[in-house]
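Commentary on secondary and tertiary structure
Here's the letter readout for the chains.
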Amino acid sequence: MPSTLFPSQMIPLPSKLCLENITGVTEFLLLGFQMLPELKPFLFIMFLAIYLLTVSGNLLIVVTVSAHAHLHSPMYFFLANLSFVEVWYATSIVPPMLSGMLTGGIMISPSSCISQFHISGGLVTSECFLLTMMAYDRYVAICYPLHYAKLMGQILCLLLAISAWVTAFLLSSITSILLSMLQFSRNTFIDHFFCDFNSIVNAACSDTSVVEMEVFVVSSIISSVSLILIIVSYLYIIAAILRIPSERGRHRAFSTCSSHLAVVSTFFGTLIIIYVAPTNNQDLNINKALSLLYTVATPLLNPIVYTLRNKDIRDALNKRSLRNVVSLMK
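Quick look at the structure, then. (Residues numbered from 1 in each chain as written. Predicted model: local features only at pLDDT ≥ 70, side-chain atom pairs only at ≥ 80, totals over all residues. Heavy atoms only, no water.)

1. Structural notes on the overall build of the protein chain
What counts, and what does not: Per the convention used, a helix needs a DSSP run of H or I reaching at least four residues, while a strand needs a run of E reaching at least two, with both numbered from the N terminus. Relative accessibility thresholds used throughout: buried, under 20% of the residue-type maximum; exposed, over 50%; partly exposed, between the two (1.4 Å probe, protein chains only). When checking whether two residues touch, look at their non-hydrogen atoms; a contact exists if any pair is within 4.5 Å.
Secondary structure summary: the protein chain contains 10 helices and 4 strands in total. Relative to its full complement of 330 residues, the protein chain shows a buried share of 49%. Contacts spanning at least 24 positions in sequence make up 83% of the contacts within the protein chain whose residues lie at least 6 apart.

Shown next, in the form of structure tokens:
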């Protein structure tokens, strides 16, 4: 899914021996940031701090939503799922990247490389589905407020969340199976910090047209349909908000959507940037920077946006902090 949009480059050794399947390959070497040795200490500390903030921030949202009854609504249920996705997505990318910085590169088998793609691809697709469901939730809440409880019942929300997870990883599994059928060459260097779709395809020495077509079709359909549904939902939402007579009512209605809209803009905005980014050799560092924006920075924005812009989350966090202070004083 959208993880296939990450740009990457592969540098093979001059002699390229094509093997029968991935079981006969030694390992890939992910070079990571070896081209910037003088910056590695700074980058390590920065990425470690971002990772810790990402995990703690998103887990805080999950715990806060679970612990406060007034947050047990469809909007926050999907938000907790989204935060859970961000935790595991960052964990699938950043710790191996940090390990590579310490060891001078990551030696990884093709099967492990495909597994990393499978996990990250499934998580990104889940996020795409969840953001679409959150847009539909806001559409129902603002356009049909009197029927909201009936249209967005607990069972329906649970089924939507389960369908998002299952469908996302099913689609990622199909791509991973096709990738595992490719033939690879020995001793392949990948000048990137994680295994994305392009990294694996570039390392193959057999025909990749089938898996490339499958990924292109699936990614295009999911991305475009999700984005169209979100845009249409917000067009209806904006129209409904403009019909509200009082300015205070309009502000209150829009405030329930602003956090989600900010996350959606960041998510799809990054995808668009990566879509149009060049992927040739001279732009390799730019490609890595764009990949960092998507894999490292974007998961951190979710807790920041929802804690700064969402009053319910802020109030719940303040109440929890106050209770902790009172308990310590006792």
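Still more ground to cover, so stick around.
2. Examining the packing of aromatic side chains
Two measures describe an aromatic ring pair: the distance that separates the ring centres and the angle between the ring planes. Our working definition: A pair of aromatic rings is counted whenever rings of Phe, Tyr or Trp (Trp by its six-membered ring) have centres within 6.5 Å, and the orientation is called stacked for planes under 30 degrees apart, edge-to-face for over 60 and tilted otherwise.
Tallied over the full model, the rule gives 10 aromatic pairs. On the basis of an interplanar angle of 45° and a centroid distance of 6.0 Å, the ring pair of Phe 117 and Phe 197 is categorised as tilted. Pair noted here: Phe 117 is in helix H3 (residues 110-143) and Phe 197 is in helix H6 (residues 197-203), with a separation of 80 residues, a long-range link. For the residue pair Phe 117 and Phe 197, the accessibility class agrees, reading buried in each case.

3. Side note on the state of the cysteines
As a reminder, the rule being used: Cysteine sulfur atoms that come within 2.5 Å of each other are treated as a disulfide pair.
In this structure the tally under the stated criterion is 1 disulfide. Note that Cys 113 is cross-linked by a disulfide to Cys 195, the S-S spacing being 1.8 Å. A torsion of -105° about the S-S bond marks the disulfide between Cys 113 and Cys 195 as left-handed. Of this pair, Cys 113 sits in helix H3 while Cys 195 sits in the loop between strand E4 (188-190) and H6; the two residues are 82 residues apart in sequence, bridging distant segments of the chain. By relative accessible area, which is 0% here, Cys 113 ends up buried. Between Cys 143, a cysteine without a disulfide, and Cys 257, which holds the nearest cysteine sulfur, the sulfur-to-sulfur distance is 8.9 Å. A relative accessible area of 0% means that Cys 257 is categorised as buried.

4. Examining helix H2 (residues 74-103)
Heads up, the condition is: A helix is expected to reach a length of 1.5 Å times the quantity of its residues less one. In this scheme, the bend at a residue equals the angle between the axes fitted to the seven residues that finish there and the seven that begin there.
Counted at 1.5 Å a residue, the expected span for H2 with its 30 residues is 44 Å, and the 44 Å between its end C-alpha atoms agrees. The largest bend in H2 comes to about 30°, at Thr 91, with the proline Pro 95 one to four residues further on. For H2, the tally of buried residues reaches 21 of 30 residues, placing the bulk of the element in the interior. After H2 finishes, the residue Gly 104 shows a positive phi value of roughly 85°.

5. So, the packing of H3 against helix H7 (residues 209-242)
Condition: Axes, fitted as lines to C-alpha atoms, cover a helix only where it is in contact. Angles between the N-to-C directions of the axes lie from 0 to 180 degrees. Any angle from 65 to 115 degrees is called roughly perpendicular, while one under 35 is roughly parallel, one over 145 is roughly antiparallel, and all others are oblique. Should the near helix be turned anticlockwise from the far one by less than a right angle, the crossing is termed left-handed; should it be turned clockwise, right-handed. Three categories are distinguished: nonpolar for Ala, Val, Leu, Ile, Met, Phe, Trp, Tyr, Cys and Pro, charged for Asp, Glu, Lys and Arg, and polar for the others, with Gly belonging to the last.
Between H3 and H7, the shortest axis-to-axis distance is 9 Å and the interhelical angle comes to 20°. Comparing the axis directions of H3 and H7 gives the class roughly parallel. When the axes of H3 and H7 are compared, the crossing they make is left-handed. Counted together, Thr 125, Cys 128, Phe 129, Leu 131, Thr 132, Ala 135, Tyr 136, Arg 138, Tyr 139, Ile 142 and Cys 143 of H3 and Ile 222, Ser 226, Leu 229, Ile 230, Ser 233, Tyr 234, Tyr 236, Ile 237, Ala 240 and Ile 241 of H7 form the full contact between these two elements. Residues of the contact of H3 with H7, tallied by class, amount to 16 nonpolar, 4 polar and 1 charged.

6. Overview of a nonpolar patch on the surface
Condition: For patch building, the residue pool is restricted to those with more than 30% relative accessible area and no salt bridge; the joining distance is 9 Å between like charges and 5 Å between nonpolar side chains (Val, Leu, Ile, Met, Phe, Trp, Tyr). All accessible areas in this document rest on Shrake-Rupley with a 1.4 Å probe, and a residue is counted as covered only by the protein chains that are shown. We define a salt bridge as a side-chain nitrogen of Lys or Arg found within 4 Å of a carboxyl oxygen belonging to Asp or Glu.
Taken together, the side chains of Met 213, Phe 216, Val 217, Ile 221, Val 225 and Leu 229 make up a nonpolar region of the molecular surface, amounting to roughly 570 Å² of accessible area. On the basis of relative accessible area, Leu 229 is assigned to the partly exposed category, the value being 44%.

7. Brief notes about the packing of helix H5 (residues 154-180) against H7
Contact pair H5 / H7: the axes reach a minimum separation of 10 Å and the direction vectors enclose 165°. With respect to H7, the element H5 is oriented roughly antiparallel. Between H5 and H7 the crossing geometry is left-handed. The residues of H7 that touch H5, namely those facing Leu 171, Ile 174, Thr 175, Leu 178 and Leu 179, are Val 211, Glu 214, Val 215, Val 218 and Ile 222.

8. Remarks on the side chain of Ser 226
Basically, it comes down to this: In protein, a polar contact requires one atom able to donate a hydrogen and another able to accept it; more generally it is a pair of N or O atoms within 3.5 Å, and residues adjacent in sequence count only if both atoms are side-chain atoms.
Relative to the helices and strands, Ser 226 resides in helix H7. Since its relative accessible area comes to 5%, Ser 226 is described here as buried. For Ser 226, the side chain forms a polar contact with the side chain of Thr 132, separated by 3.5 Å. Setting aside its immediate chain neighbours within four residues, Ser 226 contacts Cys 128, Thr 132 and Phe 268.

The values reported here are purely geometric and, on their own, carry no functional implication.
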